[in-house]
Amino acid sequence: MLRLLVTCVCAVAAATASAPEDAPLNLWSGVTVGLKSDDASVEKGAGEQYQFQADVNKLMDIIINSLYSKKEIFLRELISNGSDALDKVRFMSLTDSAVLGEGDTSKLEMKLIADKEAKTLTLIDRGCGMSKEDLINHLGTVAQSGTSSFIEAFQQGADVNLIGQFGVGFYSVYLVADNVAVHSKSNEDDKQWVWESTADSTFSVYEDKGEELGRGTKIVLTLKEDCLEFLEEERLKGLIKRYSEFINFPIYLYTTKEEEEEVPIEEGDEDDEEGEDEEDEEEGEDEEEDEEEIEDAEEEDDAPKTKKVKKTVSDWELVNDAKALWTRNPSDITDDEYKSFYQSLTKDVGEPLTHTHFSAEGEVEFKSILYIPKEAPYDLYNDYYKKQSNLKLYVRRVMITDEFDELLPRYLGFIKGVVDSDSLPLNVSREMLQQNKVLKVIGKKMTRKALAMIKALADADKKDDDDEDEDEGEVEEKEDEADEEEGKYEKFWKAFGKYIKMGLIEDAANRTRLAKLLRYATSKSGDKEISLEEYVANMKEEQKNIYYISGEDKESLLKSPSVEKLLAMDYEIIFMTDSVDEYTVQHLTEFEGKRLINASREGLKLEEGDKDKRREELYKDKFKPLTDYIKETLGKKVEKVMISKHLVSSPVVALSADYGWTAQMEKVMKSQAFSDQSKFEFMKSKRNFGINPRHPMIVELNSKIKDGSADEATKDSVLSLYLSAVVAAGYQLTPEDAVDFSTRVASIVSSSIGVAVDAPLEPEIEVQDDVVEEEEGE
């Protein structure tokens, strides 16, 4: 602002000095004001234009060593380029069959040859090949993609799905090679040419006088000393199967192996054998046995004698024999084919539990096959947050990565399968996906398809259960056959149920879908586990809420004083016995409009009429002396003492407040290796103490308090009842309460057998000295 003011003052002064005395003064004369404008008509400054300059050596170093994180990627890139070249030829042959040629030239295939002596790796394809100009333009110009140019040339109504789009994949060969020679022959050029470079700033192109290719490209890599591992046959097979197993064209590897064959024994060999026999005889073999062997040999047929020798055999071996099953129509694929593909993909010898095969269209198009394994890996739950590699990502049948775990959420990390898309947003190295809207769309669609697959598994099991109930009287043989197909979801739930519960915590968008997949044992389900949908369907007409209780096991929860009233009312109770259930239920407050109520908390939320409410008020008034006495006796051990709605036969119950941790949650948090004890004290729920107004013991205690006859025995009774209620509720006693409880139990036992609590100890048994010495001697 100051600079603008000074400029204006100077301009005014200059205008005043130069103007005639009688001329009118124009303050803005000579002042130029620059304004930003979006108007295209504003004339641009006529500045000189320059091209960006680049140090070729540094640029190549960046492309080679920065774009790719693994050296093995070079083979994927070369095979992908070869696949593109073969695709081009096949596309052009649709209109001109002469393009393919005759004989071996017409075979659309790729071949690899590893020469350990020469330290070279050769890749040959029968693709479209390149002319001299193509070699100079495509390989000599960094980031010039022949595939991209080809697609642009056929954009009018053509469906060309090729891999190479960036024009830098070829240069990954310099990760492993010191020198690269590209021999190529195109139908558009009568001569065969060689492009050669050592990844410096120069390359050479010259006519190839060597072996004629007919059509296609031969790339010869002279490997670096530290990259000779890529000449090993098993290493090459592994890389081809990993990255290029589903390429459309066959990939052959020139392999050598030793085989045994039988050859006739020549006369010279027989003499040698006789000489060996003589040596054996000299070493002391039994002469009689030799005579018997000779007689047996004379009795043999006159068939020519043979021996086995080893010889080295070389041949072309097809490496990528698997087919991209996801590209076919699901109706044309058999269950055995799905099973075989699963075993090939996952290297699992077992069968999958179920699968889904689908195609997505719209904003982004992709195809996928997802499998659920029949059994969970032994270390599945060891590290939930570990990066999973069960989902393989392909782009036009070329494997990009199996370390990308963001297409499916963590809680579906046990699902295995493939995803293939022609339009995934890849970065230049094709090793990473860019984070954008398209990925979110893919992830959302795949998650819903995976959940639908699991839901279909659950529905199939439910249908089987219904059919079993209807056909209960059928022949036993038919039931045995049905059992083999039943229980798939039960197996799934035992193997992966915790993952579904974790999903309910993490995935708010799909929480409703996940809630329908939950399975729990209940007070009426027997040995089976039922869904929340089934629970709601079984609810009594007057029941408004879903009741559950969490703890160690079903048997102990069934005997808990907290559920006595619910059982008496014939309400079904869900038993949550998994540690993660306490976390899950915090995010599932209701289901289908029914609230989930924890039976171990004070607010049982039972439906009550006016009569029940008046009765409760009468009980409160009648037992107020006892509740006040108990609160005074227990002090800070309890938050409040009340008339409990939970009890039927038990005298007392310890309950959690409506907010804070339950007894089970306290156990879970204390078991954490890195739990925060300061937070534990803050979150620990205040305990409430409930009494049963109809229990004789409570009635008697209340009478004593009213009569004023309460003494130390009354106080001890209250403390004993409290400690027993805490233990029955599943709480862990404090060290002080634990010692007190132990003392009280000992006192009860002493009283029951007629021994005084303070009775003196018996004297120790006396041992005579001679007996001790005798034992030591022994």
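All values reported here derive from a predicted model rather than from experimental measurement. (Residues numbered from 1 in each chain as written. Predicted model: local features only at pLDDT ≥ 70, side-chain atom pairs only at ≥ 80, totals over all residues. Heavy atoms only, no water.)

Draft legend 1. Looking closely at the overall build of the protein. A count of helical and extended segments in the protein gives 25 helices and 21 strands. Across the 778 residues in the protein, those meeting the buried criterion constitute 40%. Long-range contacts, defined here as pairs at least 24 residues apart, represent 72% of the contacts in the protein between residues at least 6 apart. Working note: accessible area of the protein is about 46300 Å², and carbon and sulfur atoms make up 48% of it. (Helix = DSSP H or I, 4+ residues; strand = E, 2+ residues; numbered from the N terminus. Buried < 20%, exposed > 50% of the residue type's maximum accessible area, 1.4 Å probe, protein only. Contact = heavy atoms within 4.5 Å. Areas by Shrake-Rupley, 256 points an atom, 1.4 Å probe, with all protein chains shown as cover.)

Draft legend 2. Quick look at the sheet that holds strand β14 (residues 521-522). Read across the sheet, 5 strands follow the order β14-β16-β15-β18-β17 without closing on themselves; strand pairing throughout is mixed. Looking along the sheet, the strands with just one partner apiece sit at the ends: β14 and β17 (590-591). (Pairing = 2+ DSSP bridges.)

Draft legend 3. Summary view of unusual backbone geometry. Backbone geometry places lysine 119, a non-glycine residue, at a positive phi of 60 degrees. Relative to the elements of secondary structure, lysine 119 occurs in the loop between β1 (110-115) and β2 (120-125). The class of lysine 119 is partly exposed, set by a relative accessible area of 29%. Positive phi is not limited to glycine here, since lysine 605 has a value of about 55 degrees. Inspection of the secondary structure assignment puts lysine 605 in the loop between β18 (594-598) and α18 (610-622).

Draft legend 4. Spotlight on the nonpolar core. In this structure, Phe414, Met446 and Phe492 are the most contacted members of the largest nonpolar core, which totals 70 residues. If near-sequence neighbours (up to four positions away) are discounted, methionine 446 is found in contact with Phe358, Phe366, Ser368, Leu370, Leu391, Leu407, Leu408 and Val419. Formed by 62 residues, the second largest nonpolar core is a distinct cluster that contains Leu75, Cys227, Ile333 and Tyr338. (Core = buried A, V, L, I, M, F, W, Y, C linked by side-chain atoms within 4.5 Å.)

Draft legend 5. Structural detail: the side chain of serine 186. Tracing the backbone shows serine 186 in the loop between β3 (177-185) and β4 (193-197). Of the residues examined, serine 186 reaches a relative accessible area of 4% and is grouped as buried. At 3.1 Å, the side chain of serine 186 forms a polar contact with the backbone nitrogen of glutamate 188. Apart from the residues lying within four places of it in its own chain, the contact partners of serine 186 are Cys128, Gly129, Met130 and Ser131. (Polar contact = N/O pair within 3.5 Å; in protein donor to acceptor, adjacent residues only side chain to side chain.)

Draft legend 6. Layout of the sheet that holds strand β6 (residues 216-223). Pairing within the open sheet is mixed, and its 8 strands lie in the order β5-β4-β3-β6-β2-β1-β7-β8. With partners counted over all chains shown, the strands left at the sheet margins are β5 (203-207) and β8 (306-318), one partner each. On average, each strand axis in the sheet is inclined to that of its neighbour by 20 degrees, with strand direction left out of account. Pairing of β3 with β6 involves 8 bridges; the strand directions are antiparallel. Counterpart to histidine 183 in the pairing with β6 is lysine 218. (Axes fitted to C-alpha atoms, helices over the stretch in contact; angles between N-to-C directions.)

Draft legend 7. Molecular detail of the pattern of salt bridges. Overall, the coordinates contain 34 salt bridges when judged by the stated rule. Between aspartate 578 and lysine 498 there is a salt bridge, with its nearest N and O atoms 3.9 Å apart. With aspartate 578 in the loop between β16 (573-576) and α17 (581-586) and lysine 498 in helix α12 (residues 488-506), this residue pair connects regions lying 80 residues apart in the sequence. Residue arginine 615 pairs with aspartate 612 through a salt bridge whose shortest N-O separation is 3.1 Å. (Salt bridge = Lys/Arg side-chain N within 4 Å of Asp/Glu carboxyl O.)

Draft legend 8. Fine view of the side chain of aspartate 420. In this fold, aspartate 420 is placed in strand β13 (residues 416-421). Among buried Asp, Glu, Lys and Arg side chains, aspartate 420 stands out as unpaired, with arginine 397 the closest opposite charge at 5.1 Å. A distance of 3.1 Å separates a polar atom in the side chain of aspartate 420 from the backbone nitrogen of arginine 397. The residues touching aspartate 420, leaving out its near neighbours within four places in the chain, are Trp326, Phe366, Lys367, Tyr394, Val395, Arg396 and Arg397. (Lys, Arg positive; Asp, Glu negative; His and termini not counted.)

Draft legend 9. Region of interest: the environment of proline 651. Relative to the elements of secondary structure, proline 651 occurs in the loop between β19 (640-643) and β20 (652-656). Considered as a pair, proline 651 and asparagine 692 are 41 residues apart in the sequence and their alpha carbons are 5.1 Å apart. Sequence-distant contacts of proline 651, defined by excluding residues within four places in its chain, comprise Gly690, Ile691, Asn692, His695, Ile698 and Leu721.

Draft legend 10. Examining the packing of aromatic side chains more closely. Applying the stated rule across the entire model yields 21 aromatic pairs. Taken together, a centroid distance of 5.7 Å and an interplanar angle of 45 degrees make the contact between phenylalanine 492 and phenylalanine 496 tilted. Separated by 4 residues within a single helix, phenylalanine 492 and phenylalanine 496 lie in helix α12, roughly one turn from each other. For the pair phenylalanine 492 and phenylalanine 496, one class covers both residues: buried. Ring pairs connect the aromatic residues Phe246, Trp326, Phe341, Tyr342, Tyr371 and Tyr394, which therefore count as one cluster. Here lysine 111 stacks its cationic end above the ring of tryptophan 316, 4.6 Å away from the centre of that ring. Above the ring of tyrosine 731, the side-chain terminus of arginine 687 is found at 4.4 Å from the ring centroid. (Phe/Tyr/Trp six-rings, centres within 6.5 Å; stacked < 30°, edge-to-face > 60°. Lys NZ or Arg CZ within 6 Å of the ring centre and 35° of its normal.)

Draft legend 11. The environment of leucine 75, seen in detail. Examined against the element boundaries, leucine 75 turns out to sit in helix α3 (residues 73-93). Filtering out sequence-adjacent residues up to four positions away, leucine 75 remains in contact with Leu112, Leu236, Leu239 and Ile240.

Draft legend 12. Summary view of the pairing of strand β9 (residues 352-360). When you tally the buried positions in β9, you get 7 out of 9 residues, the bulk of the element. Bridge count for β9 against strand β10 (residues 366-373) is 8 bridges, and the pairing is antiparallel. Across the sheet, histidine 357 pairs through a bridge with isoleucine 369, a residue of β10. Where β9 folds back on β10, the antiparallel hairpin that results is connected by 5 residues, among which glycine 362 adopts a positive phi of roughly 130 degrees.

Draft legend 13. Representation of the packing of helix α22 (residues 696-707) against helix α23 (residues 712-729) in the model. Where α22 meets α23, the axes come as close as 11 Å, and the angle between the chain directions of the two elements is 145 degrees. The handedness of the crossing between α22 and α23 comes out as left-handed. Contacts between α22 and α23 involve Met697, Leu701, Lys704 and Ile705 from the former and Thr714, Ser717 and Leu721 from the latter. The residue inventory of the contact of α22 with α23, partitioned by class, reads 4 nonpolar, 2 polar and 1 charged. (Left-handed = near helix turned anticlockwise from the far one by under 90°. Nonpolar A, V, L, I, M, F, W, Y, C, P; charged D, E, K, R; others polar.)

Draft legend 14. A nonpolar patch on the surface, seen in detail. Together, Val745, Val749, Ile753 and Val755 line one region of the surface with nonpolar side chains, adding up to about 320 Å² of accessible area. Structurally, the position occupied by isoleucine 753 is in the loop between α24 (735-752) and α25 (769-777). Overall, isoleucine 753 belongs to the exposed group, its relative accessible area being 60%. (Patch = residues over 30% accessible without salt bridge, like charges linked within 9 Å, V, L, I, M, F, W, Y side chains within 5 Å.)

Structural measurements only, silent on function.
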